[in-house]
Amino acid sequence: MAALLEMRDIFKRFPGVLALDRVSFDLDSGEIHALVGENGAGKSTLMNVLGGVYPHGTYEGEIRVNGEVARFGSVRAAEDAGIAIVHQELSLIPEFSIAENIFLGREPRRIGIIQVEDLYSRAQRVLDELHLKLEAHLPVGYLGIGQQHLVEIAKALARNARILVLDEPTAALTDSEADVLFVILRRLRESGAGIIYISHKLGEVLSLSDRITVLRDGRTVSTDPTKTLDTKVVIARMVGREVTDIFPTTHHQPDNVVFEARGVTVEDPNVPGKLLVANASFSVRRGEVLGIAGLVGAGRSELMMAIFGAHPGRLSGEFFVAGSPVAIHHPSDAIRSGIGFVTEDRKRFGLLLDQTIVSNLTLAALKRLSGPLITHPDAETVAGERSMKELRIKARSVFTVAGTLSGGNQQKVVLAKWLLTDPKVLFLDEPTRGIDVGAKQEIYQQINRLASEGMAIVLVSSELPEVLGLADRVVVLHEGRITGEFRREDATAEAVMAAATGHAAERVSS
Amino acid sequence: MTTVDRDEEAGLVAPELGEKRLGRWRVSTSALRAYTMVIALIAIWIFFQWKTVSDLYPYGLFLHPVNLANLLKQMSVTGVLAVGMLFVIVARQIDLSVGSLVGLAGGIAAMTQGWGLLPAFASAIVIGVAVGALQGTLVAYANIPSFIVTLGGLLTWRGVILYLSKGETIPVRLPVFRQLGVALLTPASGIALAAIAIVAVVWLTIRRQRARRRHGLPVASTAATTARIVVPSVLIAVFIYLMNMQGGVPLPVIVLLAVAIAGNFLTQSTTFGRYLYAIGSNPDAARLSGVNSQMHIQSAFALLGALVGIASLLHTGRVGSASPDAGTLMELDAIAACVIGGTSLMGGRGKVSGALLGALVMASLDNGMSLLSVENATQYIIKGMVLVAAVGFDMAGRRKS
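Residues numbered from 1 in each chain as written. Chains lettered and ligands numbered in written order. Predicted model: local features only at pLDDT ≥ 70, side-chain atom pairs only at ≥ 80, totals over all residues.

Enquirer: Honestly, the overall build of chain A in this entry has me stumped. Any pointers?
Expert: When helices and strands are counted, chain A shows 18 helices and 23 strands. Its C-alpha atoms give chain A a radius of gyration of 24 Å, within 12% of the compact-globule value 24 Å for 510 residues. Each principal axis of the C-alpha atoms in chain A carries an extent, and together these give about 70 × 50 × 50 Å. In chain A, which comprises 510 residues, the share counted as buried stands at 49%. Residue pairs in contact within chain A that sit at least 24 positions apart in sequence constitute 66% of those at least 6 positions apart. (Helix = DSSP H or I, 4+ residues; strand = E, 2+ residues; numbered from the N terminus. Rg over C-alpha atoms; globule rule 2.2 N^0.38 Å. Buried ≥ 20, exposed ≤ 12 C-beta atoms within 10 Å, placed from the backbone. Contact = placed C-beta atoms within 7 Å.)

Enquirer: Looking at this structure, I do not really get the overall build of chain B. What am I missing?
Expert: The helix and strand inventory of chain B stands at 16 helices and 4 strands. For chain B, whose C-alpha radius of gyration is 22 Å, the value lies close to the compact-globule estimate of 21 Å for 401 residues. Structurally, chain B occupies a C-alpha span of about 75 × 60 × 45 Å along its principal axes. Expressed as a percentage of its 401 residues, the buried residues of chain B come to 42%. Within chain B, contacts between residues at least 6 apart in sequence are counted, and of these 76% link residues at least 24 apart.

Enquirer: What should I look at first to understand the packing of helix α4 (residues 98-111) of chain B against helix α14 (residues 330-340) of chain B in this one?
Expert: Helices that pack against each other are described as a pair by the angle of their axes relative to one another and the distance between those axes. All names here are of chain B. Contact pair α4 / α14: the axes reach a minimum separation of 6 Å and the direction vectors enclose 130°. Of the possible angle classes, the one that applies to α4 and α14 is oblique. Residues Val-98, Gly-99 and Val-102 of α4 touch α14, and the partners they reach there are Met-330, Glu-331 and Ala-334. Grouping the amino acids of the contact of α4 with α14 by side-chain chemistry returns 4 nonpolar, 1 polar and 1 charged. (Axes fitted to C-alpha atoms, helices over the stretch in contact; angles between N-to-C directions. Parallel < 35°, antiparallel > 145°, perpendicular 65-115°, else oblique. Nonpolar A, V, L, I, M, F, W, Y, C, P; charged D, E, K, R; others polar.)

Enquirer: Would you mind going over the sheet that holds strand β3 (residues 31-36) of chain A with me for this structure?
Expert: Strand pairing within a sheet occurs via backbone hydrogen bonds; the two strands may be parallel or antiparallel. Residue and element names in this part refer to chain A. Across the sheet, which stays open at both edges, the 6 strands sit in the order β6-β9-β10-β3-β11-β12 with mixed pairing between neighbours. The open sheet terminates on both sides in strands that have one partner only, identified here as β6 (83-86) and β12 (219-225). Averaged over all pairs of adjacent strands, the angle between strand axes in this sheet comes to 15°, irrespective of strand direction. Two strands pair when backbone bridges link them, and β6 and strand β9 (residues 163-167) are joined in this way by 4 bridges, in the parallel orientation. Bridged to Val-86 within β9 is Leu-166. In this fold helix α1 (residues 43-50) packs onto β3, β6, β9, β10 (194-198) and β11 (211-216), with an angle of close to 150° to the strand it touches most, β9. Sheet contacts for helix α8 (residues 231-239): β3, β11 and β12; angle to β11, the most-contacted strand, approximately 25°. (Pairing = 2+ DSSP bridges.)

Enquirer: Sorry if this is basic, but what is going on with unusual backbone geometry here?
Expert: Residues and elements named next belong to chain A. Of note in this structure, Asn-160 is not a glycine but carries a positive phi near 60°. Summarising the element assignment, Asn-160 is placed in the loop between α5 (145-158) and β9. Residue Asn-160 is classed as exposed on the basis of its 10 C-beta neighbours within 10 Å. Residues other than glycine seldom take positive phi values, yet Asn-279 does so here, at roughly 50°.

Enquirer: Explanation requested: the sheet that holds strand β17 (residues 324-326) of chain A in the structure shown.
Expert: Residues and elements named next belong to chain A. One open sheet holds the 4 strands; their spatial order is β14-β13-β16-β17, and the pairing between them is antiparallel. With partners counted over all chains shown, the strands left at the sheet margins are β14 (275-285) and β17, one partner each. Here the strands of the sheet are splayed against their neighbours by 15° on average, with no regard to which way each runs. In terms of strand pairing, strand β13 (residues 257-267) meets β14 through 7 bridges, oriented antiparallel. In the strand pairing of β14, Ala-261 is matched with Phe-282.

Enquirer: Which parts of the structure should I look at to understand α14 of chain B?
Expert: Structural remark: α-helix, 3.6 residues per turn; residues separated by three or four positions point the same way. Residues and elements named next belong to chain B. Buried residues dominate α14, accounting for 10 of its 11 residues. All of the buried residues along α14 are Met-330, Glu-331, Asp-333, Ala-334, Ile-335, Ala-336, Ala-337, Cys-338, Val-339 and Ile-340. Remark: Gly-342 follows α14 within two positions and exhibits a positive phi of approximately 95°.

Enquirer: I keep staring at the confidence of the model for chain A and nothing clicks. Help me out?
Expert: Note that predicted coordinates carrying low pLDDT should not be read in detail. All names here are of chain A. Taken over all residues, the pLDDT of chain A has a mean of 88, while the share at 70 or more is 94%. Looking across chain A, the model is least confident in strand β23 (residues 506-507), with a mean pLDDT of 47, and most confident in strand β18 (residues 339-342), with 97. Scored below 50 in pLDDT, residues 505-510 makes 9 contacts in the model with residues more than four places away or belonging to other chains. (pLDDT = per-residue confidence, 0-100.)

Enquirer: Quick question: what am I supposed to make of the environment of Gln-379 of chain B here?
Expert: All names here are of chain B. When you line up the elements, Gln-379 lands in helix α16 (residues 376-399). Note: C-alpha distance between Gln-379 and Gly-368 (11 residues apart in sequence) is 10.0 Å. Contacts of Gln-379, omitting those with residues within four sequence positions, involve Met-369 and Val-374.

Enquirer: What am I meant to see in the pairing of strand β22 (residues 481-487) of chain A here?
Expert: Regular strands place their side chains on alternate faces of the sheet. Residues and elements named next belong to chain A. Alignment of strand β21 (residues 473-478) against β22, held across 6 bridges, turns out to be antiparallel. The residue of β22 that forms the bridge with Arg-473 is Arg-487. Connecting β21 to the antiparallel partner β22 that follows it, the hairpin turn spans 2 residues, and Glu-479 within it adopts a positive phi of roughly 45°.

Enquirer: Teacher, can you tell me more about helix α8 (residues 187-214) of chain B here?
Expert: Between its terminal C-alpha atoms α8 of chain B stretches 40 Å, which fits the 40 Å expected from 28 residues at 1.5 Å a residue. Positive phi shows up at Gly-216 of chain B, right after α8 of chain B, with a value of about 70°. (Expected span 1.5 Å × (residues − 1).)

Enquirer: What is the right way to look at the pairing of β13 of chain A in this model?
Expert: As defined by bridge partners, β13 of chain A adjoins strand β16 (residues 314-321) of chain A across 6 bridges and the pair is classed as antiparallel. Bridging from a neighbouring strand, Ala-261 of chain A pairs with Phe-319 of chain A of β16 of chain A.

Enquirer: Teacher, can you tell me more about the environment of Met-243 of chain B here?
Expert: All names here are of chain B. Locating Met-243 in the fold gives a position in helix α9 (residues 222-245). The buried category is assigned to Met-243, around which 22 C-beta atoms lie within 10 Å. As for Met-243 and Ala-69, which are separated by 174 residues in sequence, their C-alpha atoms are 6.7 Å apart. With residues near it in sequence (within four places) discarded, Met-243 still touches Pro-65, Ala-69, Gly-190, Gly-248 and Val-249.

Enquirer: What exactly am I supposed to notice about the nonpolar core here?
Expert: Soluble globular proteins tend to bury their nonpolar side chains together. Grouped together as the largest cluster of nonpolar side chains are 185 residues, with contacts concentrated most on Ile-457 and Leu-459 of chain A together with Leu-81, Met-85 and Leu-307 of chain B. For this core, the leading source of residues is helix α3 (residues 65-90) of chain B, giving 15 residues. Aside from chain neighbours lying at most four places away, what touches Leu-307 of chain B is Val-80, Leu-81, Val-83, Gly-84 and Val-259 of chain B. Counting 67 residues, the second largest nonpolar core, distinct from the first, contains Ala-34, Leu-35, Leu-185 and Ile-195 of chain A. (Core = buried A, V, L, I, M, F, W, Y, C linked by C-beta atoms within 7 Å.)

Enquirer: Honestly, the environment of Leu-470 of chain A in this entry has me stumped. Any pointers?
Expert: Summarising the element assignment, Leu-470 of chain A is placed in helix α17 (residues 464-470). Sequence separation between Leu-470 of chain A and Tyr-444 of chain A is 26 residues, and the spatial gap between their C-alpha atoms is 7.5 Å.

Enquirer: I'm lost on the packing of α14 of chain B against helix α15 (residues 352-371) of chain B in this one. Help?
Expert: Residues and elements named next belong to chain B. Relative to each other, α14 and α15 sit at 120°, their axes nearing to 7 Å. As α14 packs across α15, the resulting crossing turns out to be right-handed. Facing Asp-333, Ala-336, Ala-337, Cys-338, Val-339 and Ile-340 of α14, the residues of α15 in contact are Ala-355, Gly-358, Ala-359, Val-361 and Met-362. Partitioning the contact of α14 with α15 into residue classes produces 9 nonpolar, 1 polar and 1 charged. (Left-handed = near helix turned anticlockwise from the far one by under 90°.)

Enquirer: Help me understand the confidence of the model for chain B, please; the structure alone is not making it clear to me.
Expert: Residue and element names in this part refer to chain B. Across chain B, the average pLDDT comes to 89, with 91% of residues at or above 70. For residues 1-17, every residue scores under 50 in pLDDT, and the model assigns this stretch 35 contacts once sequence neighbours within four places are set aside. Interface confidence in the predicted complex, given as ipTM, is 0.86; pTM for the same model is 0.81.

Here you go:
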């Protein structure tokens, strides 16, 4: 019997670049086939070829679905052939109900009039089949981000997709939401669907998939049954070199306290009375990496934003830099006090995507680097070039537009921007989200270098191995409260998770 | 080097943002766009020149120095407004009240003529700044969308001038006030001005080279440096020569040039300008980088208000009277000039030179069609289509990679 999907010898050229260089990939019914590789390896390009984003004729090679040659001229044609891609960025309309979103563009209709009853009953049936306890008439905007992802999958299945492509589906999910997703995916596999699973999280790839294909630089490196693989092997194939330990071992010598926050309380500005952070206090020393762990929604980002003077719901909090109290009402106050903040979500909070690298780099320190009133472009260019070299930002020049860079290089630009403010303490919120393994490792090296040079670092991350691998001390948040604090040697994954889920309340004196 | 390959790919994910390949040359898309607009303008000029050939003007009337001076006078009011509008649009805001405010400020200047020239001029500018600052405060600090605030302003300020003037047109009595809109610089001072401008071009170019060398940055070749001095110098000389042929440079054109130079300096060479672009590009990122967005947005509106005051003086002086419906629809001309000149209504992108080019395109269409006695109705239709077409071409060019 023919495979559900076969892609043979696919070549895809962009001007000056061979993005896919003879890539072959196949998928059977009832299989979860994982596709892994660093950013830029060609995963998205391959899926765009499959999904009709690059129509037939713009690539070379052959696609067969159920043994039949397929030539998709559009996304719609690919969808009609049973291929559905759930992208990392959600394509739902928050004001529309779940049902309206599921059938968007394909509403059941008679002489042009939408059959509302039919719409809702069919949508409810899809949700029930997935065992999702959701009401079809709820506006999508009311759902959490995890549930929205599940609605996105329901939308794909409502189109009778037999080939489901998931691109980083768990990037925004909590662990429990991810577990729900995995149950659903396994059930779909049993029902005979084929699933292509793209993820940077190798743990879930290894536990979920049947086969793993590794792409590197537009070529297929290997396709093997998951049983025969482990994390080390996969990472080595992804990066093309043996990675013994992606967390460089460090022994910082923490010094005196550089930054302290006392009694930070933050209210949800939209829901008065609901506390996002309740009376949180912590301190960080010179040369120390303080990890802040916690599940999504625990209030980690809100805590950092509130300290930085950028959260409208801050009710209380006292801050001390090098022992003296500082008043922070606006990010400019924080910057002046020597605090830097690499915010999460670089596209939303970090970068001016349509401006040059150098405009981005100098933004937070413009008055010091360039001049208080009049700018000095040459001084900026020199500072920018130095930063690019220091952090190994790969781009043609400092005048390259930031939005054209890869995720890892964009993240380095944000980091470099804050280093140019010469901070005494640096907050990093999810500094490695959505970037490839190589870039991650470089960010880790930078964190260690900065700490060894005496900077105090607060690292917020939802990737536990990252926190455990880098931090000298870990503070755990659960529902806005600090529920645990661990020294490096006591910070085991089990202990931190227990505190993060509210099952422990131990706090060591620091 | 595999990493370089990867970056090439990464760099090509969104090539429309940065550069374009033309044969073997890479051209930045903004430069490409500017060339396209200049070519479009030249095409418009050639067309009108050809169409205005007559027995009296065998080579065409349109580019005759007298008409050119007329065209530039017409352009000066829109141009001053467009420079101000640019500040606001770059910061991802809009101001629809500009036309009504021209009416109000011009009317107040005419009413205060009795106090003397300076108080009259000052009151127009002060009222512009005050109204701009008020609207900016409502936008920045009360979080009311600028579209709404200034739509309200469009109605309110028109109402205020109708009330104050009791619906009557006030003639300009002070001779100097009237001169502001129509006077010509003497040919001798025109030549002096050209000399100063050329010296400034030379000095700035050399200073720039020195600064680059001091910072250890690559310096442009001698040929490029020479071109950078010679081309603008020739343009200045030709401009002054043409204007002197018809009696001298019109004063409002000098005002526009001064505003443009100041506006260009503000947007390109100050931290204030840089922050406006940052706010327009990504307000959250700008705020988190320590930019005081509220103060900057408020100031942008106030600055626009000041330029509206200046424009109202030019307009009132040229017309010779302040009618209560003066300035109607001028906001749309100013916005159109910015947009034709490549300013993005989504903020973060646009230059003074572009806005001036846009204003020149609009004025050329106005002037050329009047020379050809095109009906008013047709003029509106053509201008509307040109606006949409200019943006349409821009978007189409950007999508192709």
